[in-house]
Amino acid sequence: MIVVLLGPPGAGKGTQGERIAATLRVPKLATGDVLRAAVREGTPLGLEAKAAMDRGDLVPDAVILGIIQDTLGQPAYAAGAILDGVVRTVAQAEGLGTATAALGKRVDVVLVFDIADEVLVARLSGRTSCDKTNKPFTGQAPGAPCPDGCGGTLIRRPDDEPDAIRNRLRVYQAQTAPVLDWYVAQGANVRRIDAVGDFDAVTVRALAAVRA
Ligand code: AMP
(Lines give C-alpha, C1' and ligand atoms only; values in the text may rest on other atoms or scores of the structure.)
Protein backbone atom coordinates (compact mmCIF):
# COMPACT_ATOMS: atom_id res chain seq x y z
CA MET A 1 0.00 0.00 0.00
CA ILE A 2 1.34 3.44 -0.89
CA VAL A 3 0.05 6.32 1.21
CA VAL A 4 1.03 9.96 0.59
CA LEU A 5 0.83 12.07 3.76
CA LEU A 6 0.03 15.63 2.73
CA GLY A 7 0.00 18.54 5.14
CA PRO A 8 2.02 21.56 6.24
CA PRO A 9 5.19 21.30 8.33
CA GLY A 10 4.33 20.58 11.95
CA ALA A 11 1.01 18.89 11.11
CA GLY A 12 2.21 15.62 12.68
CA LYS A 13 2.96 13.70 9.49
CA GLY A 14 6.17 12.29 10.97
CA THR A 15 4.70 11.01 14.23
CA GLN A 16 1.47 9.76 12.70
CA GLY A 17 3.37 8.31 9.76
CA GLU A 18 5.47 6.17 12.14
CA ARG A 19 2.31 4.86 13.76
CA ILE A 20 0.55 4.18 10.46
CA ALA A 21 3.68 2.44 9.16
CA ALA A 22 3.97 0.25 12.26
CA THR A 23 0.28 -0.69 12.19
CA LEU A 24 0.17 -1.46 8.46
CA ARG A 25 3.67 -3.05 8.53
CA VAL A 26 4.80 -0.89 5.66
CA PRO A 27 8.00 1.19 5.93
CA LYS A 28 7.92 4.95 6.10
CA LEU A 29 9.95 7.08 3.70
CA ALA A 30 10.60 10.65 4.89
CA THR A 31 12.70 12.64 2.43
CA GLY A 32 13.43 15.17 5.21
CA ASP A 33 15.08 12.39 7.27
CA VAL A 34 17.04 11.12 4.25
CA LEU A 35 18.27 14.66 3.52
CA ARG A 36 19.16 15.43 7.16
CA ALA A 37 21.18 12.19 7.34
CA ALA A 38 22.98 13.21 4.13
CA VAL A 39 23.74 16.65 5.63
CA ARG A 40 25.13 15.04 8.82
CA GLU A 41 27.30 12.68 6.79
CA GLY A 42 28.47 15.48 4.48
CA THR A 43 27.63 13.54 1.30
CA PRO A 44 27.27 15.37 -2.05
CA LEU A 45 23.48 15.08 -1.64
CA GLY A 46 23.73 16.70 1.79
CA LEU A 47 25.98 19.49 0.53
CA GLU A 48 23.53 20.23 -2.29
CA ALA A 49 20.49 20.24 0.00
CA LYS A 50 21.72 22.00 3.16
CA ALA A 51 21.32 25.68 2.26
CA ALA A 52 17.80 25.25 0.88
CA MET A 53 16.79 23.20 3.93
CA ASP A 54 18.16 25.75 6.42
CA ARG A 55 16.14 28.51 4.74
CA GLY A 56 13.02 26.36 4.71
CA ASP A 57 13.00 26.24 0.90
CA LEU A 58 12.43 23.08 -1.09
CA VAL A 59 15.34 21.14 -2.53
CA PRO A 60 15.15 20.57 -6.32
CA ASP A 61 12.55 18.12 -7.63
CA ALA A 62 15.27 16.10 -9.38
CA VAL A 63 16.93 15.37 -6.01
CA ILE A 64 13.65 14.16 -4.51
CA LEU A 65 12.74 12.09 -7.56
CA GLY A 66 16.18 10.45 -7.33
CA ILE A 67 15.47 9.47 -3.70
CA ILE A 68 12.01 8.16 -4.63
CA GLN A 69 13.37 6.05 -7.49
CA ASP A 70 16.30 4.70 -5.43
CA THR A 71 14.04 3.73 -2.54
CA LEU A 72 10.69 2.45 -3.76
CA GLY A 73 12.24 -0.28 -5.92
CA GLN A 74 14.12 -1.80 -2.94
CA PRO A 75 12.87 -5.14 -1.56
CA ALA A 76 12.18 -3.49 1.83
CA TYR A 77 9.50 -1.42 0.09
CA ALA A 78 7.85 -4.32 -1.75
CA ALA A 79 4.69 -3.92 0.37
CA GLY A 80 4.57 -0.19 -0.32
CA ALA A 81 5.46 2.90 1.70
CA ILE A 82 4.09 5.61 3.90
CA LEU A 83 5.42 8.76 2.25
CA ASP A 84 6.08 11.57 4.73
CA GLY A 85 7.02 14.89 3.17
CA VAL A 86 7.02 13.34 -0.29
CA VAL A 87 5.55 14.84 -2.46
CA ARG A 88 5.75 18.60 -2.16
CA THR A 89 5.29 19.85 -5.72
CA VAL A 90 3.06 18.86 -8.62
CA ALA A 91 6.19 17.81 -10.55
CA GLN A 92 7.07 15.41 -7.71
CA ALA A 93 3.52 14.03 -7.69
CA GLU A 94 3.79 13.38 -11.42
CA GLY A 95 7.22 11.78 -10.96
CA LEU A 96 5.94 9.59 -8.13
CA GLY A 97 3.08 8.48 -10.39
CA THR A 98 5.56 7.46 -13.08
CA ALA A 99 7.85 5.68 -10.58
CA THR A 100 5.01 3.72 -8.98
CA ALA A 101 3.51 2.78 -12.37
CA ALA A 102 6.92 1.42 -13.43
CA LEU A 103 6.79 -0.86 -10.36
CA GLY A 104 3.21 -1.95 -11.12
CA LYS A 105 1.92 0.07 -8.16
CA ARG A 106 -0.02 3.26 -7.56
CA VAL A 107 -0.73 5.76 -4.81
CA ASP A 108 -3.57 4.11 -2.88
CA VAL A 109 -4.45 6.91 -0.48
CA VAL A 110 -3.61 10.61 -0.16
CA LEU A 111 -4.09 11.44 3.52
CA VAL A 112 -4.48 15.17 4.12
CA PHE A 113 -3.74 16.66 7.56
CA ASP A 114 -5.99 19.67 8.21
CA ILE A 115 -4.55 22.14 10.73
CA ALA A 116 -4.47 25.92 11.24
CA ASP A 117 -1.27 27.99 10.80
CA GLU A 118 -1.35 29.34 14.39
CA VAL A 119 -1.21 25.80 15.77
CA LEU A 120 1.70 24.99 13.46
CA VAL A 121 3.80 28.00 14.45
CA ALA A 122 3.30 27.22 18.16
CA ARG A 123 4.19 23.56 17.62
CA LEU A 124 7.25 24.09 15.46
CA SER A 125 8.79 26.86 17.56
CA GLY A 126 8.52 24.63 20.66
CA ARG A 127 9.94 21.59 18.91
CA THR A 128 13.34 20.00 19.43
CA SER A 129 14.54 16.73 18.02
CA CYS A 130 17.09 14.06 18.86
CA ASP A 131 20.33 14.48 16.90
CA LYS A 132 20.67 10.69 16.69
CA THR A 133 17.17 9.47 15.83
CA ASN A 134 15.44 12.66 14.55
CA LYS A 135 12.54 11.92 16.90
CA PRO A 136 10.72 15.19 17.71
CA PHE A 137 9.89 16.38 21.24
CA THR A 138 7.90 19.34 22.50
CA GLY A 139 8.54 21.33 25.67
CA GLN A 140 12.19 20.17 25.95
CA ALA A 141 15.07 22.64 25.73
CA PRO A 142 17.79 22.29 23.08
CA GLY A 143 20.96 20.77 24.59
CA ALA A 144 19.10 18.38 26.92
CA PRO A 145 19.82 14.66 26.63
CA CYS A 146 17.28 12.75 24.55
CA PRO A 147 14.46 11.62 26.89
CA ASP A 148 14.53 8.20 25.17
CA GLY A 149 17.97 7.57 26.71
CA CYS A 150 19.50 6.74 23.32
CA GLY A 151 22.58 8.87 24.05
CA GLY A 152 21.50 11.59 21.62
CA THR A 153 21.14 15.30 22.38
CA LEU A 154 18.10 17.45 21.66
CA ILE A 155 18.68 20.10 19.02
CA ARG A 156 16.52 22.76 17.38
CA ARG A 157 16.46 22.19 13.65
CA PRO A 158 17.69 25.31 11.81
CA ASP A 159 14.43 25.23 9.86
CA ASP A 160 12.43 25.40 13.12
CA GLU A 161 13.76 28.94 13.77
CA PRO A 162 10.95 31.55 13.43
CA ASP A 163 11.98 33.03 10.04
CA ALA A 164 12.42 29.62 8.50
CA ILE A 165 9.06 28.45 9.92
CA ARG A 166 7.29 31.39 8.28
CA ASN A 167 9.07 30.65 5.02
CA ARG A 168 8.15 26.94 5.18
CA LEU A 169 4.47 27.84 5.60
CA ARG A 170 4.68 30.22 2.62
CA VAL A 171 6.41 27.55 0.56
CA TYR A 172 3.72 25.04 1.54
CA GLN A 173 0.91 27.32 0.38
CA ALA A 174 2.65 28.24 -2.87
CA GLN A 175 4.11 24.89 -3.92
CA THR A 176 2.56 22.03 -1.96
CA ALA A 177 -1.09 23.03 -1.53
CA PRO A 178 -1.58 22.73 -5.34
CA VAL A 179 -0.58 19.05 -5.05
CA LEU A 180 -3.88 18.37 -3.30
CA ASP A 181 -5.84 19.96 -6.17
CA TRP A 182 -3.78 17.89 -8.60
CA TYR A 183 -4.61 14.62 -6.82
CA VAL A 184 -8.30 15.58 -6.65
CA ALA A 185 -8.26 16.33 -10.39
CA GLN A 186 -6.62 12.93 -11.00
CA GLY A 187 -9.47 11.22 -9.16
CA ALA A 188 -7.10 9.95 -6.43
CA ASN A 189 -8.41 8.47 -3.21
CA VAL A 190 -8.08 11.65 -1.10
CA ARG A 191 -9.03 11.52 2.60
CA ARG A 192 -8.88 14.45 5.00
CA ILE A 193 -8.48 14.28 8.77
CA ASP A 194 -8.60 16.85 11.55
CA ALA A 195 -4.95 16.85 12.67
CA VAL A 196 -5.51 18.99 15.79
CA GLY A 197 -5.77 17.43 19.23
CA ASP A 198 -4.53 14.47 21.17
CA PHE A 199 -1.92 12.42 19.24
CA ASP A 200 -3.69 9.11 19.95
CA ALA A 201 -7.02 10.50 18.75
CA VAL A 202 -5.37 11.73 15.54
CA THR A 203 -3.85 8.27 15.04
CA VAL A 204 -7.30 6.69 15.33
CA ARG A 205 -8.65 9.14 12.74
CA ALA A 206 -5.65 8.59 10.45
CA LEU A 207 -5.89 4.78 10.54
CA ALA A 208 -9.64 4.85 10.00
CA ALA A 209 -9.17 7.14 7.00
CA VAL A 210 -6.42 4.99 5.47
CA ARG A 211 -8.40 1.79 5.94
CA ALA A 212 -11.78 3.17 4.81
P1 AMP B 1 10.69 17.82 6.59
O2 AMP B 1 11.47 17.09 7.63
O3 AMP B 1 9.77 16.92 5.81
O4 AMP B 1 10.01 19.03 7.13
O5 AMP B 1 11.76 18.34 5.52
C6 AMP B 1 12.79 19.24 5.90
C7 AMP B 1 13.29 19.98 4.67
O8 AMP B 1 13.84 19.03 3.73
C9 AMP B 1 12.25 20.74 3.89
O10 AMP B 1 11.98 22.02 4.43
C11 AMP B 1 12.92 20.83 2.51
O12 AMP B 1 13.96 21.77 2.50
C13 AMP B 1 13.56 19.46 2.39
N14 AMP B 1 12.62 18.47 1.80
C15 AMP B 1 12.14 17.32 2.37
N16 AMP B 1 11.32 16.68 1.55
C17 AMP B 1 11.25 17.42 0.42
C18 AMP B 1 10.54 17.31 -0.81
N19 AMP B 1 9.72 16.26 -1.05
N20 AMP B 1 10.73 18.27 -1.74
C21 AMP B 1 11.56 19.31 -1.55
N22 AMP B 1 12.23 19.50 -0.40
C23 AMP B 1 12.09 18.57 0.58
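These remarks concern the structure in this document.

Conventions we followed
Residues numbered from 1 in each chain as written. Predicted model: local features only at pLDDT ≥ 70, side-chain atom pairs only at ≥ 80, totals over all residues. Heavy atoms only, no water. Near = heavy atom within 4 Å. Polar contact = N/O pair within 3.5 Å; in protein donor to acceptor, adjacent residues only side chain to side chain. Helix = DSSP H or I, 4+ residues; strand = E, 2+ residues; numbered from the N terminus. Nonpolar A, V, L, I, M, F, W, Y, C, P; charged D, E, K, R; others polar. Pairing = 2+ DSSP bridges. Axes fitted to C-alpha atoms, helices over the stretch in contact; angles between N-to-C directions. Contact = heavy atoms within 4.5 Å.

Looking at the site of the ligand
Taken together, 15 residues lie near the ligand, and Thr 31, Asp 57, Gly 85, Arg 88 and Gln 92 sit nearest. Contact distances for the ligand include 2.8 Å between a nitrogen atom and a backbone N or O atom of Gly 85. The element best represented in the shell around the ligand is helix 2 (residues 31–41), accounting for four residues. Looking at the shell around the ligand residue by residue, the class counts come to five nonpolar, four polar and six charged.

Here we look at the sheet that holds strand 2 (residues 28–30)
Sheet strands pair by backbone hydrogen bonding; their relative direction is either parallel or antiparallel. What the five strands build is an open sheet, ordered 2-3-1-4-8; its pairing is parallel. Each having just a single partner strand, strand 2 and strand 8 (190–194) make up the two edges of the open sheet. Each strand of the sheet is rotated relative to its neighbour by a mean of 20°, with strand direction disregarded. Bridge count for strand 1 (residues 2–6) against strand 3 (residues 81–84) is four bridges, and the pairing is parallel. Directly across from Ile 2, in strand 3, lies its bridge partner Ala 81. Relative to the sheet, helix 1 (residues 13–24) contacts strand 1, strand 2, strand 3 and strand 4 (109–114), its axis offset from that of strand 3 by approximately 180°.

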